[in-house]
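# Coordinate analysis (summary)
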Amino acid sequence: MGELSAAIDHLAIEDVAEIPRMQLAEQLLELHWQMARLQAQIARRTGVRLP
């Protein structure tokens, strides 16, 4: 969860106008996958199952 928080904080302080579009897309995809992994971990730990 620390990785996700650090990634969000890092993106929040960057001026996206200065980031090459490809790099921005890669960062957003990585953030998406980190959030998906976190959701899966939470679901496993709380016993929540998708229908």
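Anything mentioned here points back to the structure above.
Residues numbered from 1 in each chain as written. Predicted model: local features only at pLDDT ≥ 70, side-chain atom pairs only at ≥ 80, totals over all residues. Heavy atoms only, no water.

## Concerning the overall build of the chain
Looking only at helices and strands, one finds two helices and zero strands in the chain. Computed over the C-alpha atoms, the radius of gyration of the chain is 14 Å, more than 25% above the 10 Å expected from 2.2 N^0.38 for a compact globule of 51 residues. Dimensions of the chain along its principal axes, counting C-alpha atoms only, are 40 × 20 × 10 Å. Counting only residues that meet the buried cut, the chain has 16% of its 51 residues in that class. Looking at the chain as shown, the accessible area adds up to about 4,500 Å², and 62% of this sits on carbon and sulfur atoms. Where the 5 positive side-chain charges of the chain centre and where its 7 negative ones centre are 18 Å apart. (Helix = DSSP H or I, 4+ residues; strand = E, 2+ residues; numbered from the N terminus. Rg over C-alpha atoms; globule rule 2.2 N^0.38 Å. Buried < 20%, exposed > 50% of the residue type's maximum accessible area, 1.4 Å probe, protein only. Areas by Shrake-Rupley, 256 points an atom, 1.4 Å probe, with all protein chains shown as cover. Lys, Arg positive; Asp, Glu negative; His and termini not counted. Charge placed at Lys NZ, Arg CZ, Asp CG, Glu CD.)

## Focus: helix 2 (residues 21–46)
The end-to-end C-alpha distance of helix 2, which contains 26 residues, comes to 37 Å, matching closely the 38 Å that a straight helix rising 1.5 Å per residue would cover. Taken residue by residue, helix 2 has Leu24, Gln27, Leu31, Gln34 and Leu38 as its buried positions. Residues of helix 2 that are buried make contact with helix 1 (2–13). (Expected span 1.5 Å × (residues − 1). Contact = heavy atoms within 4.5 Å.)

## Thoughts on the environment of Ile19
On the secondary structure map, Ile19 appears in the loop between helix 1 and helix 2. Residues within four places of Ile19 in sequence aside, it is in contact with Glu14, Leu24 and Gln27.

## Remarks on the pattern of salt bridges
If you walk through the whole model with that rule in mind, you get one salt bridge. The salt bridge involving Arg37 is made with Glu30; its shortest N-O contact spans 3.3 Å. Arg37 gets classed as partly exposed once you look at its relative accessible area, which sits at 43%. For Glu30, a relative accessible area of 39% translates into the label partly exposed. (Salt bridge = Lys/Arg side-chain N within 4 Å of Asp/Glu carboxyl O.)

## Things to note about the side chain of Gln27
You can see Gln27 is positioned in helix 2. Residue Gln27 is classed as buried on the basis of its relative accessible area of 19%. Once residues lying within four places of it in the same chain are set aside, the contact partners of Gln27 are His10, Leu11, Glu14 and Ile19.

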